[in-house]
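Here is what each chain is made of, one letter per residue.
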Amino acid sequence: MSGTSLDGLDLCLLNFSYISPEEIQYQMVKTFCVEYDEHWLQKLKHAHQLSAEELIELHHAYGQYIGEQINGFLSNHSGKVDFVSSHGHTVFHNPQQHISLQIGHGAYIANTCKLPVVCDFRTGDIALQGQGAPLVPIGDQLLFGDYDACLNLGGFANISFQQNRQSIAFDICPVNIVLNALMQPLGKAYDHNGSTAAGGNVHPKLLAELNQLEYYHQTPPKSLGREWVAEHISPILAVDLPTKDILATFTLHAAQQITSVINANQIKSILITGGGAHNKHLITLLQQNSNAQIITADPQLIDYKEALIFALLGLLRILGLPNTLPSVTGATKPLSSGAIYLPTDYTQL
């Protein structure tokens, strides 16, 4: 999968042991992140500005690119691979308008790497009046149920937990999609360890304006996309302040929104993954503002948990089992979501 923070294409080779619908075990065989070169970085970064024709062309080309990267990733693997599960890269996500587009066409992936492909996981849920997000919570429930909650710190912070025997999950606030964008004019891809933010000063007025945004007072199901950031966050951050101060303020804002959710739901233990788990300053702020036990996963799981779970969603789709949670997405019913593409010379799944 490829996240909104554009740090690269995450590839994860897994063995699953399907024991029952409630018990699935996994083993990570190997993982790798393909960092985008400048060509793909710019293509994906500006994909939302393309014409319809140009976007379709990119959708196909990026699918072929994913297939090529899979071929390279598997070149030294001698075992059988059953299928590819691809989230793709999100260009649009505006569930209020029933819009969500992840590019990387499955037909191009399938015919490039000669394997069945499961992709387009969100559209089916949206067709049932859901948000098409978040989809990771079913994986949290099946694979990481020992924790009270799971928190992913990626482009956005999203959380999942159980409440009255029902799964609750939603996007809390933007994180790396904003922090990374603030660092880029400084010639850096991200704020390493959060050190730039740690060296800045928090501006109370700016912090208060961020914390007052209407989204934070809405009840789930709810999810965020790049469009919301452009409309609501970017204008607030267009202030005449040193970048390190804006970073300091926004990092604290993210920590406050996250810990507000943790504390309000009396979460006692929380597993943290995603690129933001490497941000030591952000993790420290979470620890300072929450009574929960903050557990950062091992480095491999931090970086590849979402890829792992989308592989699981693909497995459930292949088995014809539900891979969405209506209590999370707001859809009218659960479904086995995802489109399946077969290479032209494939005979059986």
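Values in this document were obtained by computation on a predicted structure and should not be read as measured data. Per chain, residues are indexed from 1 in the order of the written sequence. Two thresholds apply to this predicted model, a pLDDT of at least 70 for residue-level local features and 80 or more for giving and counting side-chain atom pairs, whereas whole-chain, interface and lining totals are computed over all residues. The side-chain numbers reported here are obtained from all heavy atoms of the structure, hydrogens and water having been left aside.

Draft legend 1. Geometry of the overall build of the chain. A run of DSSP states H or I qualifies as a helix once it reaches four residues; a run of E qualifies as a strand once it reaches two. Both are numbered from the N-terminal end. The helix and strand inventory of the chain stands at 13 helices and twelve strands. Both definitions apply: the radius of gyration is a C-alpha atom measure, and the globule rule equals 2.2 Å times residues to the power 0.38. Expected size for 349 residues packed as a compact globule is a radius of gyration near 20 Å; at 20 Å, the chain falls within 12% of this value. Seen through its principal axes, the chain has C-alpha atoms that stretch 60 × 45 × 40 Å. Contacts were defined at the residue level, with two residues in contact if any of their heavy atoms lie within 4.5 Å. Of the contacts made within the chain by residues no fewer than 6 positions apart, 70% connect residues no fewer than 24 positions apart. Note that accessible areas follow from Shrake-Rupley with a 1.4 Å probe, and for residues the cover is restricted to the protein chains shown. Taken as a whole, the chain presents about 16,100 Å² of accessible surface, with 49% of it coming from carbon and sulfur. Charge assignment in this entry is limited to Lys and Arg as positive and Asp and Glu as negative, and neither His nor the chain termini are counted. Positions of charges follow a simple convention, taking NZ of Lys, CZ of Arg, CG of Asp or CD of Glu. With 17 positive and 29 negative side-chain charges, the chain shows a separation of 3 Å between the mean positions of the two kinds.

Draft legend 2. Local environment of the packing of helix 6 (residues 176-183) against helix 10 (residues 243-264). Only C-alpha atoms enter the line fits that serve as axes; for helices the fit covers just the stretch in contact. Angles between N-to-C directions range over 0 to 180 degrees. Contact geometry of helix 6 with helix 10 gives a least axis separation of 10 Å together with a crossing angle of 170 degrees. Here helix 6 lies roughly antiparallel to helix 10, going by the angle between them. Residues Val-178, Leu-179, Leu-182 and Met-183 of helix 6 pack against Thr-243, Ile-246, Leu-247, Phe-250 and Thr-251 of helix 10. In this classification, Asp, Glu, Lys and Arg are treated as charged, Ala, Val, Leu, Ile, Met, Phe, Trp, Tyr, Cys and Pro as nonpolar, and every other residue, Gly included, as polar. Of the residues that constitute the contact of helix 6 with helix 10, the class distribution is seven nonpolar, two polar and no charged. For this classification, under 35 degrees means roughly parallel, over 145 means roughly antiparallel, 65 to 115 means roughly perpendicular, and everything else is oblique.

Draft legend 3. Local environment of the layout of surface pockets. Put simply, the grid is 1 Å and covers the protein atoms alone, a cavity is a trapped set of points that fit a 1.4 Å probe, a pocket is an open set with protein on both sides within 12 Å along at least five of seven lines, and lining residues have an atom within 4 Å of a point. Grid points are joined across faces, edges and corners, and a volume is the space filled by probe spheres set on the points. Reported here for the second largest pocket is a volume of approximately 740 Å³. Surrounding the second largest pocket, 32 residues form its lining, Cys-12, Leu-13, Val-81, Phe-83 and Val-84 being those nearest its centre. Only strand 1 (9-20), helix 2 (52-73), strand 3 (84-85) and helix 12 (299-318) provide two or more residues apiece to the lining of the second largest pocket. With eight residues, the top contributor of residues to the lining of the second largest pocket is strand 1. Each residue belonging to the lining of the second largest pocket can be placed in one class, and the counts come to 22 nonpolar, seven polar and three charged.

Draft legend 4. Local environment of the packing of aromatic side chains. Pairing of aromatic side chains here covers Phe, Tyr and the six-membered ring of Trp, requires ring centres within 6.5 Å, and sorts the geometry by plane angle: under 30 degrees stacked, over 60 edge-to-face, intermediate tilted. Taken as a whole and judged by the stated rule, the model has nine aromatic pairs. Ring centres 5.5 Å apart and planes at 55 degrees place the aromatic pair Tyr-215 and Trp-228 in the tilted group. Here Tyr-215 is found in the loop between helix 8 (204-211) and helix 9 (226-237), whereas its partner Trp-228 is found in helix 9, with 13 residues between them in sequence. Considering the side-chain rings of Tyr-216 and Trp-228, the 6.2 Å spacing of their centres and the 70 degrees angle between planes classify their relative orientation as edge-to-face. Of this pair, Tyr-216 sits in the loop between helix 8 and helix 9 while Trp-228 sits in helix 9, and the two are twelve residues apart along the sequence. Owing to a relative accessible area of 15%, Trp-228 belongs among the buried residues under this scheme. In this structure an aromatic cluster arises from ring pairing among Tyr-36, Trp-40, Tyr-62 and Tyr-65. As a reminder, the over-ring test applies to NZ of lysine and CZ of arginine, requiring each to be within 6 Å of the ring centre and within 35 degrees of the ring normal. Above the ring of Phe-73, the side-chain terminus of Lys-30 is found at 4.7 Å from the ring centroid. Positioned over the ring face of Tyr-215 is Lys-222, at 4.4 Å from the centre of the ring. Only protein chains enter the calculation, and the probe is 1.4 Å; a residue is then buried if its accessible area is under 20% of its type maximum, exposed if over 50%, and partly exposed in between.

Draft legend 5. Quick peek at the nonpolar core. We define the nonpolar core as a collection of buried residues of types Ala, Val, Leu, Ile, Met, Phe, Trp, Tyr and Cys that are connected through side-chain atoms lying within 4.5 Å of one another. Within the largest apolar cluster, 82 residues are counted, with the highest numbers of intra-cluster contacts made by Leu-151, Ile-159 and Ile-233. Among the elements that take part in this core, helix 12 stands out by supplying twelve residues, more than any other. Contact partners of Ile-233, with chain neighbours within four places excluded, come to Pro-174, Val-178, Leu-210, Leu-213, Tyr-216, Trp-228 and Phe-250. Judged by nonpolar contacts, the second largest core, of 27 residues, contains Tyr-36, Tyr-65, Ile-103 and Cys-119.

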